[in-house]
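Read off the chains here:
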Amino acid sequence: MSTENAVKPEWDPANKLYPPEFERRYREAGYWTDDTFAQLLDVAASQYGSNEAVVGLNWAGSEIRWTYKEVLDRAIDIGAQLSRAGVTVRSRVLVQLPNIADFVPVVAAIFRIGAIPLFSIPAHRRDALGSFIEAAEPVAIVTVGRYGDCDHRKLMRETLLETEYRPQVLVLAEDPLEFEVLDSPTDSVSVPRHTHTVPAAAPEPTELAFLQVSGGTTGVPKLIPRSHAAYHYTLRRSVEICNVTQATRFLVVIPCAHNFAMSSPGILSVLLAGGTVVMCPDPMPSTAFELVEREKITLVSLVPPLLMLWLAMSGKSAADLSSLEVINVGGAALAAEAAARVGPTFGCTLQQVFGMAEGLVNYTRLDDRSDVIINSQGYPLSPADEIKILNEDGTPTTEGEPGVLWTRGPYTIRGYLGGVGADSFDEEGFYCPGDIVRRLPSGHLRVEGRISDHINRAGEKISAEEIENHIVALPQVVDAAVVGVTDPRLGERSCAFIVAQPGKVISHSEINGYLRDRGLANYKIPDQTIVREHFPVTGVGKLSRRALRKELASIAEDQELGLRT
Ligand code: AMP
Ligand code: DBH
């Protein structure tokens, strides 16, 4: 034990993101380069200046089409405004913006002046925002006024009432090259345009580049420190693996600041390769389908609940979706039954992606056999990604058996900001996302669920995803979610929540008869079925099992009290 301690490197995770020996290793192998996000847009504009970079609506609803050169001009001007507002090198800027064109030049501007963006999504509310502000101490917040059903000015005012720390709130203003400073109506920050001479900052590649946000399935989201070198590597690999080129036209349907939308392959890989980012202002399939046709979209990233809607709506839409080459699906379990329908329905390739804002990203490869694409979530992006699959007691599982995933590698974090969540990291620096995975003979990983999603019915373990996979094969079903609820007799019993096709009815006995016909064991047959018009989702659109469990628990309690039958 003492010798082990003696060989431990001198390493302070609060100041350095990776231990020096790993830094050396990743640099020597060429995974880490000198590229930084401060220069990303300058480099892209010098290579692809006249390519279309960003298409979408701006915050005020006007149609935007910017070339790389135009985005860079804007980023320079916005950077000058931010500097005027007191944003300096290494200061943090919380960004909460919807899927609008302005997102790209704003983020590029923050990077360009060497400041550190913190990527919040529009669904974050006071509790999450307040915790980000306390933990990251941003000098400024960049947001919009009213957007959709949220008044972001009001949200920020209310958030700041509850925080000690007081960043300046900059709201995208009427003149797109001006910010309104919240609560000083006479104050706005503006600068002379085209301040072209301002050079980009030059941070160290191993420094903190930005803060991402964890999914926060337990408590408030944690902040994830990502470095230039590590993240740039994921983008270069994603460009290769996802075949992103200047011809790529990427539709951003999920919240643009989410790690998936940013990097797998995401907005930043598309910008690195000279392609076009098209912002979809809302996640409705009808809006997206129209944009796919109009903008000849080649690539889109979806979370499974959205893909289920796309599959259900495609036959009902007259839009021409034939430009789609790849639909990239990740963020949560995708039922194989649904995965199998992507090719035949859209005439394009499905790419599954199993990733996390903390690092590790797995992709199915575009040339994998279709049965592998349908039945797996891919394999790591890097040959240097290390994977351990362990039993809950920490012993290794037999090869091919499911177990708890632990990972370490050239772009997976070694700790959260402020050292919170330390129990997700082991002695060797491996990170545990809480997923149960199995390695298939081909080397691909299959996500079997999360540690907390398994239902324990009288000692028999039920995989929610296995049952869901069967149910979504029914033609009258759009989506299904199976969750457990406490039961006095069984410990836990199972309930199938179902979204039926509009106008279709489906009963508990129909579902159960069908599952029995498919040969499912009795204990796996849901004890209860509840039909819903739609499911509760998280900010990025993943199914919220937590909300369903809560609903189920309250129904069960009412039943016990005799308030419901
Ligand atoms: P987040 O904490 O928001 O970064 O979410 C990362 C988590 O989402 C992972 O640890 C998985 O639990 C889940 N996830 C992401 N992609 C997939 C996928 N393709 N299949 C199953 N689960 C996924
Ligand atoms: O869910 C995620 O966080 C996620 C999914 C796919 C992710 O961060 C990613 C790809 O990079």
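Positions within a chain are numbered from 1, following the residues in the order the chain's sequence is written. Each chain is given a letter, starting from A, and each ligand a number, starting from 1, according to the order in which they appear as written. In keeping with the predicted nature of the model, local features appear solely for residues at pLDDT of at least 70, side-chain atom pairs appear and are counted solely at 80 or more, and the whole-chain, interface and lining totals rest on all residues. To obtain the side-chain values, all non-hydrogen atoms of the structure were included, while hydrogens and water were left out.

Visitor: Which residues make up the domain arrangement of the protein, and what values go with them?
Guide: Partitioning the protein into structural domains gives domain 1 (20-438) and domain 2 (455-564). Look at where the C-alpha atoms of domain 1 and domain 2 centre, and you get two points 32 Å apart. At the junction of the two partners, domain 1 supplies 21 residues and domain 2 supplies 14 residues. Computed with a 1.4 Å rolling probe, the buried area is the accessible surface lost when two parts are put together, summed over both parts. Where domain 1 abuts domain 2, roughly 1,400 Å² becomes buried across the two surfaces, and 61% of that area is made up of carbon and sulfur atoms. Its largest share of buried area at the contact with domain 2, domain 1 owes to Pro-305, Met-308 and Glu-337, together 31% of the area lost on that side. Any carboxyl oxygen of Asp or Glu within 4 Å of a side-chain nitrogen of Lys or Arg constitutes a salt bridge here. Taken together, domain 1 and domain 2 are joined by 1 salt bridge. Close ionic contact of Arg-518 with Glu-337 constitutes a salt bridge, the shortest N to O distance being 3.0 Å. Distance and chemistry together define a polar contact, namely a pair of N or O atoms within 3.5 Å, with one atom able to donate a hydrogen and the other to accept it when in protein, and with adjacent residues in sequence counting only for side-chain atoms on both sides. Across the contact surface, domain 1 and domain 2 share 5 residue pairs in polar contact (both at pLDDT 80 or more). Domain limits in this description derive from either an automatic procedure or a database domain assignment. Only heavy atoms matter for contacts: two residues are in contact if any of them lie within 4.5 Å across the pair.

Visitor: Tell me about unusual backbone geometry, and please be specific about residues and values.
Guide: Cis geometry marks the peptide bond from Ser-264 to Pro-265; its omega dihedral reads -5°. Helix and strand assignments follow DSSP, with helices taken as H or I runs no shorter than four residues and strands as E runs no shorter than two, numbered in order from the N terminus. Residue position: Pro-265 is located in the loop between helix H9 (259-263) and helix H10 (266-273). Of note in this structure, Glu-137 is not a glycine but carries a positive phi near 45°. Following the sequence through the fold, Glu-137 ends up in the loop between helix H6 (126-136) and strand E5 (140-143). Summary of the burial criterion: residues with accessible area below 20% of their type's maximum are buried, those above 50% are exposed, and those between are partly exposed, where the area comes from a 1.4 Å probe applied to protein chains only. Glu-137 sits in the partly exposed class, given a relative accessible area of 45%. One non-glycine residue with positive phi stands out, namely Ala-458, at about 50°. Tracing the chain through its elements places Ala-458 in the loop between strand E24 (455-457) and strand E25 (460-462).

Visitor: Explain the packing of aromatic side chains to me, using residue names and the numbers behind them.
Guide: Two rings from Phe, Tyr or Trp (for Trp, the six-membered ring) form a pair when their centres are within 6.5 Å of each other. A pair whose planes differ by under 30 degrees is stacked, one over 60 is edge-to-face, and the rest are tilted. Going through the model one piece at a time under the given rule, you end up with 19 aromatic pairs. Relative to Trp-310, the ring of Phe-289 has its centre 5.0 Å away and its plane inclined at 90°; by these criteria the two rings are edge-to-face. Of this pair, Phe-289 sits in helix H11 (residues 285-295) while Trp-310 sits in helix H12 (residues 304-314), placing them 21 residues apart in sequence. Look at Phe-289 and you get buried, because its relative accessible area is 2%. On the basis of an interplanar angle of 80° and a centroid distance of 6.4 Å, the ring pair of Tyr-416 and Tyr-431 is categorised as edge-to-face. With a gap of 15 residues between them, Tyr-416 in the loop between strand E21 (403-408) and strand E22 (435-439) and Tyr-431 in the loop between E21 and E22 connect regions that are remote in the sequence.

Visitor: Requested: an account of the site of ligand 1, with residues and values cited.
Guide: Working definition: residue near molecule or strand if any one of its non-hydrogen atoms lies within 4 Å of it. Every one of the 18 residues lining ligand 1 counts as a neighbour, but Gly-331, Val-353, Ala-357, Asp-435 and Arg-450 are closest to it. At a separation of 2.9 Å, a nitrogen atom of ligand 1 approaches a polar backbone atom of Gly-331. For ligand 1, an oxygen atom lies 2.9 Å from a polar atom in the backbone of Ala-357. A total of 500 Å² of accessible area belongs to ligand 1 in isolation, and the protein chains cover 89% of it. Mapped onto the shell around ligand 1, the elements with two or more residues apiece are strand E17 (349-356) and strand E23 (445-450). The greatest single-element share of the shell around ligand 1, amounting to 4 residues, is contributed by E17. In this description, accessible areas are obtained by the Shrake-Rupley approach with a 1.4 Å probe, and a residue is regarded as covered only by the protein chains that are shown.

Visitor: Lay out the UniProt feature "domain: AMP-binding enzyme C-terminal" (unreviewed entry) in the protein with the relevant residues and their values.
Guide: UniProt tags residues 466-542 as "domain: AMP-binding enzyme C-terminal" (unreviewed entry). Along residues 466-542 the backbone is 21% helical and 34% strand, and the end-to-end C-alpha distance reaches 18 Å. UniProt positions are given in the numbering used here, feature names are shortened, and annotations may be inferred rather than shown by experiment.

Visitor: So, the pattern of salt bridges: which residues are in play, and what are the values?
Guide: Per the stated rule, a full pass over the model turns up 33 salt bridges. Among the ionic pairs, Arg-545 bridges to Glu-465, the shortest N-O distance being 3.7 Å. Taken as a pair, Arg-545 in helix H17 (residues 545-560) and Glu-465 in helix H15 (residues 464-471) lie far apart in primary sequence, 80 residues in all. One continuous salt-bridge network, built from bridges that share partners, spans Glu-52, Glu-63, Arg-65, Arg-249, Arg-294 and Glu-295.

Visitor: Help me get a handle on the packing of H6 against helix H7 (residues 152-161), residues and values and all.
Guide: Here H6 crosses H7 at 60°, and the two axes come no closer than 9 Å. The orientation of H6 relative to H7 falls into the category oblique. The two elements H6 and H7 cross, and the hand of that crossing is right-handed. Only Leu-155, Met-156, Glu-158, Thr-159 and Leu-160 of H7 make contact with H6, whose side of the interface consists of Arg-126, Leu-129, Gly-130 and Ile-133. Looking at the contact of H6 with H7 residue by residue, the classes come out as 5 nonpolar, 2 polar and 2 charged. Helix axes use the C-alpha atoms of the stretch in contact, all axes being lines fitted to C-alpha atoms, and the angles between their N-to-C directions lie in the range 0 to 180 degrees. Any angle from 65 to 115 degrees is called roughly perpendicular, while one under 35 is roughly parallel, one over 145 is roughly antiparallel, and all others are oblique. Here is the rule for handedness: rotate from the far helix to the near one, and if that takes an anticlockwise turn smaller than a right angle the crossing is left-handed, while a clockwise turn gives right-handed. When residues are sorted by character, Ala, Val, Leu, Ile, Met, Phe, Trp, Tyr, Cys and Pro go into the nonpolar class, Asp, Glu, Lys and Arg into the charged class, and all the rest, Gly among them, into the polar class.

Visitor: Help me get a handle on the nonpolar core, residues and values and all.
Guide: The biggest cluster of nonpolar side chains holds 186 residues, and the ones touching the most others in it are Leu-82, Phe-103, Leu-251, Ile-267, Trp-310, Ile-327 and Ile-471. Ranked by residues supplied to this core, first place goes to helix H5 (residues 103-112) with 8 residues. In terms of domain composition, this core takes at least three residues from each of domain 1 (20-438) and domain 2 (455-564). Contacts of Trp-310, omitting those with residues within four sequence positions, involve Val-253, Pro-285, Ala-288, Phe-289, Val-292, Val-300, Leu-302, Leu-324 and Phe-346. Put simply, a nonpolar core is a bunch of buried Ala, Val, Leu, Ile, Met, Phe, Trp, Tyr and Cys residues held in one set by side-chain atoms that sit within 4.5 Å of each other. Core analysis: the next-biggest nonpolar cluster, separate from the first, contains 5 residues, Val-404, Trp-406, Phe-430 and Cys-432 among them.

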